[in-house]
Amino acid sequence: QQQVKQSPQSLIVQKGGISIINCAYENTAFDYFPWYQQFPGKGPALLIAIRPDVSEKKEGRFTISFNKSAKQFSLHIMDSQPGDSATYFCAADALYNQGGKLIFGQGTELSVKP
Amino acid sequence: SQTIHQWPATLVQPVGSPLSLECTVEGTSNPNLYWYRQAAGRGLQLLFYSVGIGQISSEVPQNLSASRPQDRQFILSSKKLLLSDSGFYLCAWSVQPPYTQYFGPGTRLTVL
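Residues numbered from 1 in each chain as written. Chains lettered and ligands numbered in written order. Predicted model: local features only at pLDDT ≥ 70, side-chain atom pairs only at ≥ 80, totals over all residues. Heavy atoms only, no water.

Under the definition given, this model contains two disulfides over all chains. Note that A:Cys23 is cross-linked by a disulfide to A:Cys90, the S-S spacing being 1.9 Å. Disulfide A:Cys23-A:Cys90: torsion about the S-S bond near -100°, hence left-handed. Taken together, the residues span a long stretch of sequence, with A:Cys23 in strand S3 (residues 19–25) and A:Cys90 in strand S9 (residues 86–92) at a distance of 67 residues. Its relative accessible area of 3% is what places A:Cys23 among the buried residues. Across the disulfide from B:Cys23 sits B:Cys91; the S-S distance is 2.0 Å. Disulfide B:Cys23-B:Cys91: torsion about the S-S bond near -75°, hence left-handed. Highlighted residues: B:Cys23 in strand S3 (residues 19–26) and B:Cys91 in strand S9 (residues 87–94), separated in sequence by 68 residues. (Disulfide = S-S within 2.5 Å. Helix = DSSP H or I, 4+ residues; strand = E, 2+ residues; numbered from the N terminus. Buried < 20%, exposed > 50% of the residue type's maximum accessible area, 1.4 Å probe, protein only.)

Attention shifts here to the sheet that holds S3(B). Residues and elements named next belong to chain B. Strand order across the open sheet formed by four strands is S1-S3-S8-S7, with antiparallel pairing between neighbours. Here the strands that pair on one side only, and so sit at the sheet edges, are strand S1 (3–7) and strand S7 (64–70). With direction set aside, neighbouring strand axes in the sheet form an average angle of 20°. Across six bridges, the pairing between S3 and strand S8 (residues 73–78) is antiparallel. Residue pairing across strands places leucine 19 opposite serine 78, the latter belonging to S8. (Pairing = 2+ DSSP bridges. Axes fitted to C-alpha atoms, helices over the stretch in contact; angles between N-to-C directions.)

Spelled out as structure tokens, the structure:
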């Protein structure tokens, strides 16, 4: 019940295309859902995050879509660029139950071809 | 602004040797601190987290230990390294809800 399942494990997209990464969870106590971007040899960096009181959040080319009833959330990267090639992690936290223990998905390795 | 430091950046150690990795955070007080291990460049495994000085929670039983001697200092240790301890070790910090975690640059450990 503590797991966050992420798919696909790897993704190849052409430059200018849309990259979509999906995550699903079981624990209904989760109420904070961040996405992290990690380049090789670097620590993960926060990309965008959403709370369950909204169904979508957009920051530039990055959009999180959230479906509370289905317990699913996804990251959409519009107009994907070669510089977006990285590993992406979704995560979830129950802020008032656990207070800061993120549960991470297994990661998606994105490759954007020029 | 807040900054997180980890050292060393890379480390090659023989099996059976001791380990000490250090993480420090600047620009914030009383952060939650975390140690993660990442194997094969993929999933993040939470090893330890701390909500205050001397308060350490272990997530995975293994031959590693953690200590927090000062508010913004977190140390990962081992008395005898195993081959399976090789990996990319990441320290992270967070404060207050929503407890967004901010990661350090990591230490690449290779045990031979």
